[in-house]
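Survey of secondary and tertiary structure
Listed here are the chains, written in short residue letters.
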Amino acid sequence: CDWSSDVCSSDLYPLVTLAQAAYKQNKTVQAERLLESAIDLNSYDFYSYYHKANLFSDQGNYEGALAQYKNVIQLNPQFANAYERLVTTFWDLGRAEEALEPLQKAIQFNLNPALTSDFYQLLGITLFVLQRKEEAKDNFKKAIELDPHSIEKYSSLCKTLNNTEEKLSLLKQGIKDNPTSAKLYDLLGYALLDEKKFDEAIVQFNKAIELDPKYDQ
């Protein structure tokens, strides 16, 4: 569970602290009751619903978690954490397509460029899982535009590209933005292998090892 104080209103934090202690002692029923008490005291406190949702999720009660995350978003449409957890809960339930609408809403309501980039990334992953690769590619590109220093986002976009030249161009740009990334040099090496440019590929692999001698893709 995410029990940090920055995701709890100050007046209810003592109850959440007690719930945290109960949860750490595997007293999940007591933890749930404490969170329900917090909700009874203030039914508009979305943080309490958020903690309850996380508790359900950790127990594998994904349907229960889903309902609570929806309560959170209804109370605060700009609370980014809830959208992210709602999406991963849909994934856990094998209902990836249902994650599309909340992700689109998250992008609409969120004002933080870094978080918006993460939502584009999650939307891209969801579309990729649904075999909608062109749409996934567009969203990965938007994620990189907002956050060009995320290695994982370059890696995700790379998986959607069938054209080797396009892939090489992307990875070279990624290395330009992230010159110390062993992973990107490694990916560039494999892209060059596909083009049978063996000597150039070896140079990139050596560079990856130089940057990180323990590098393991």
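1. Observations concerning the nonpolar core
Within the largest apolar cluster, 50 residues are counted, with the highest numbers of intra-cluster contacts made by V72, F79, F119 and L170. Contacts of F119, omitting those with residues within four sequence positions, involve A80, Y83, E84, L103, A106, I107 and N110. L15, A22, L35 and A38 belong to the second largest nonpolar core, which has nine residues in total.

2. Points about the packing of aromatic side chains
Remark: the centre distance and the inter-plane angle together describe each pair of aromatic rings, the angle taken between the planes. Applying the stated criterion across every chain, the model contains seven aromatic pairs. Geometrically, the ring pair formed by Y47 and F79 is edge-to-face, given 5.7 Å between the ring centres and 90 degrees between the ring planes. A residue pair is termed long-range when its members are at least 10 positions apart, and Y47 in helix α3 (residues 46–58) and F79 in the loop between α4 (62–75) and α5 (80–92) qualify at 32 residues. An identical accessibility class is assigned to Y47 and F79; each is buried. Arranged with centres 6.3 Å apart and planes meeting at 75 degrees, the rings of Y83 and F119 form a pair that is edge-to-face. Taken together, the positions of Y83 in helix α5 and F119 in helix α7 (residues 113–129) put the pair 36 residues apart, joining distant regions of the chain. Clustering of aromatic rings is evident, with ring pairs tying together F46, Y47, Y50, Y69 and F79.

3. Concerning the confidence of the model for the protein chain
Looking at the protein chain as a whole, the pLDDT averages 88, with 93% of positions reaching at least 70. Ranking the elements of the protein chain by mean pLDDT puts helix α1 (residues 13–24) last with 79 and helix α8 (residues 133–146) first with 96.

4. Here we look at the side chain of T126
Take T126: it is sitting in helix α7. Separated by 3.1 Å, the side chains of T126 and W91 make a polar contact. When sequence neighbours within four positions are dropped, the list of residues in contact with T126 reads V87, W91, A96, A99, L100 and L103.

5. Examining the packing of helix α9 (residues 151–159) against helix α10 (residues 164–177)
When two helices pack together, their arrangement is given by the angle between the helix axes and the distance between those axes. Put simply, α9 and α10 touch, their axes get as near as 10 Å, and they point 175 degrees apart. Overall, the two elements α9 and α10 adopt an arrangement that is roughly antiparallel. Between α9 and α10, the contacting residues are Y154, L157 and C158 on the first element and K167, L170, L171, Q173, G174 and D177 on the second. Taken together, the residues that form the contact of α9 with α10 break down as five nonpolar, two polar and two charged.

6. Looking at unusual backbone geometry
At Q131, a residue that is not glycine, the phi angle is positive and equals roughly 65 degrees. By the secondary structure assignment, Q131 is in the loop between α7 and α8. Looking at Q131, the relative accessible area reads 59%, which means it is exposed.

7. Regarding helix α6 (residues 100–109)
Among the residues of α6, those classed as buried are L100, P102, L103, A106 and I107. The elements touched by buried residues of α6 are α5 and α7.

8. Things to note about the pattern of salt bridges
Two side chains bearing opposite charge may form a pair once their charged atoms approach each other closely. Applying the stated criterion across every chain, the model contains ten salt bridges. When the shortest N-O distance is used, the salt bridge between E134 and K137 registers 3.4 Å. With E134 and K137 both in helix α8 and three residues apart, this pair spans about one turn of that helix. Residue E134 is classed as exposed on the basis of its relative accessible area, which comes to 51%. Taking the relative accessible area as the measure of exposure, K137 reaches 11% and is therefore buried. Here K207 makes a salt bridge to E210, at a shortest N to O gap of 3.6 Å.

Parameters and conventions
- Residues numbered from 1 in each chain as written.
- Predicted model: local features only at pLDDT ≥ 70, side-chain atom pairs only at ≥ 80, totals over all residues.
- Heavy atoms only, no water.
- Core = buried A, V, L, I, M, F, W, Y, C linked by side-chain atoms within 4.5 Å.
- Buried < 20%, exposed > 50% of the residue type's maximum accessible area, 1.4 Å probe, protein only.
- Contact = heavy atoms within 4.5 Å.
- Phe/Tyr/Trp six-rings, centres within 6.5 Å; stacked < 30°, edge-to-face > 60°.
- Helix = DSSP H or I, 4+ residues; strand = E, 2+ residues; numbered from the N terminus.
- pLDDT = per-residue confidence, 0-100.
- Polar contact = N/O pair within 3.5 Å; in protein donor to acceptor, adjacent residues only side chain to side chain.
- Axes fitted to C-alpha atoms, helices over the stretch in contact; angles between N-to-C directions.
- Parallel < 35°, antiparallel > 145°, perpendicular 65-115°, else oblique.
- Nonpolar A, V, L, I, M, F, W, Y, C, P; charged D, E, K, R; others polar.
- Salt bridge = Lys/Arg side-chain N within 4 Å of Asp/Glu carboxyl O.

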